[in-house]
Amino acid sequence: MNMKNSIRQRIICWTYAVACLIMIAGCKHHERVPKSYIQPEEMKNILLDMQAAQAYVDNMPYDSLHLRQEKLKYYYQQILELYHLNHQEFMRSYEYYVMHPVIMKMVYDSLLADVKRRQVMVDSMLIKKRFQHPIEK
């Protein structure tokens, strides 16, 4: 009786382990972006550049909202050209990411990590500069 229970428990454990592996493999498969779309690393870089353009335009001393929007549109177009994309290609991929929020979250998490890394680098350079000996300047 003990041997039957032991065998049964092993079968259940192996079945559970195989089911978990299949589920993990299935999730990873769904988290991959098809090659016909902008891949996550490139999408992160594009969105990071677009965020920088937005911040730059937001700090411009334009009185007109229309001028800001036109300037931002121009910068976005320049960014897309930098990545050899047109508006339709970008929007097609962006819509894919919107429809797959887990992947979009991964892209934004990566983007935020990049921003934090850059902020730490800038902060450390400012601290070094601030505490530099006057003769070393």
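Heads up: the structure comes first, above all this text.
Residues numbered from 1 in each chain as written. Predicted model: local features only at pLDDT ≥ 70, side-chain atom pairs only at ≥ 80, totals over all residues. Heavy atoms only, no water.

1. A few points about the overall build of the chain
A tally of helices and strands in the chain yields five helices and zero strands. Along the chain, helices and strands appear, N-terminal first, in the series α-α-α-α-α. Buried residues in the chain amount to 18% of all 137 residues. Long-range contacts, defined here as pairs at least 24 residues apart, represent 65% of the contacts in the chain between residues at least 6 apart. When the accessible surface of the chain is totalled, it reaches about 11300 Å², and 63% of it is carbon and sulfur. (Helix = DSSP H or I, 4+ residues; strand = E, 2+ residues; numbered from the N terminus. Buried < 20%, exposed > 50% of the residue type's maximum accessible area, 1.4 Å probe, protein only. Contact = heavy atoms within 4.5 Å. Areas by Shrake-Rupley, 256 points an atom, 1.4 Å probe, with all protein chains shown as cover.)

2. Side note on the packing of aromatic side chains
All told, the structure shown has five aromatic pairs when counted by the stated rule. On the numbers, 5.9 Å between centres and 55° between planes, the contact of Tyr74 with Tyr75 is tilted. By the ring-pair criterion, three or more aromatic residues cluster together here, those being Tyr37, Tyr96 and Tyr97. (Phe/Tyr/Trp six-rings, centres within 6.5 Å; stacked < 30°, edge-to-face > 60°.)

3. Comments concerning the pattern of salt bridges
One pass over the structure, following the stated rule, counts five salt bridges. Lys73 is the partner of Glu70 in a salt bridge, and the nearest nitrogen-oxygen pair spans 3.6 Å. Of this pair, Glu70 and Lys73 both sit in helix α3 (residues 65-82), three residues apart, roughly one helical turn. For Lys73, a relative accessible area of 54% gives the class exposed. A salt bridge links Asp109 to Lys105; the shortest N-O distance between them is 2.8 Å. Of this pair, Asp109 and Lys105 both sit in helix α5 (residues 101-130), separated by four residues, roughly a single helical turn. (Salt bridge = Lys/Arg side-chain N within 4 Å of Asp/Glu carboxyl O.)

4. Notes on the side chain of Ser93
The residue Ser93 is located in helix α4 (residues 87-99) in this model. A relative accessible area of 2% places Ser93 in the buried class.

5. Quick notes on the packing of helix α2 (residues 40-58) against α5
For the pair α2 and α5, the least separation of the axes is 9 Å and the interaxial angle reads 55°. By the angle class used here, α2 and α5 are oblique. With respect to the hand of their crossing, α2 and α5 are arranged in right-handed fashion. From α2, Pro40, Met43, Lys44, Leu47 and Leu48 reach across to α5, where they touch Val107, Tyr108, Ser110, Leu111, Asp114, Val115 and Arg118. (Axes fitted to C-alpha atoms, helices over the stretch in contact; angles between N-to-C directions. Parallel < 35°, antiparallel > 145°, perpendicular 65-115°, else oblique. Left-handed = near helix turned anticlockwise from the far one by under 90°.)

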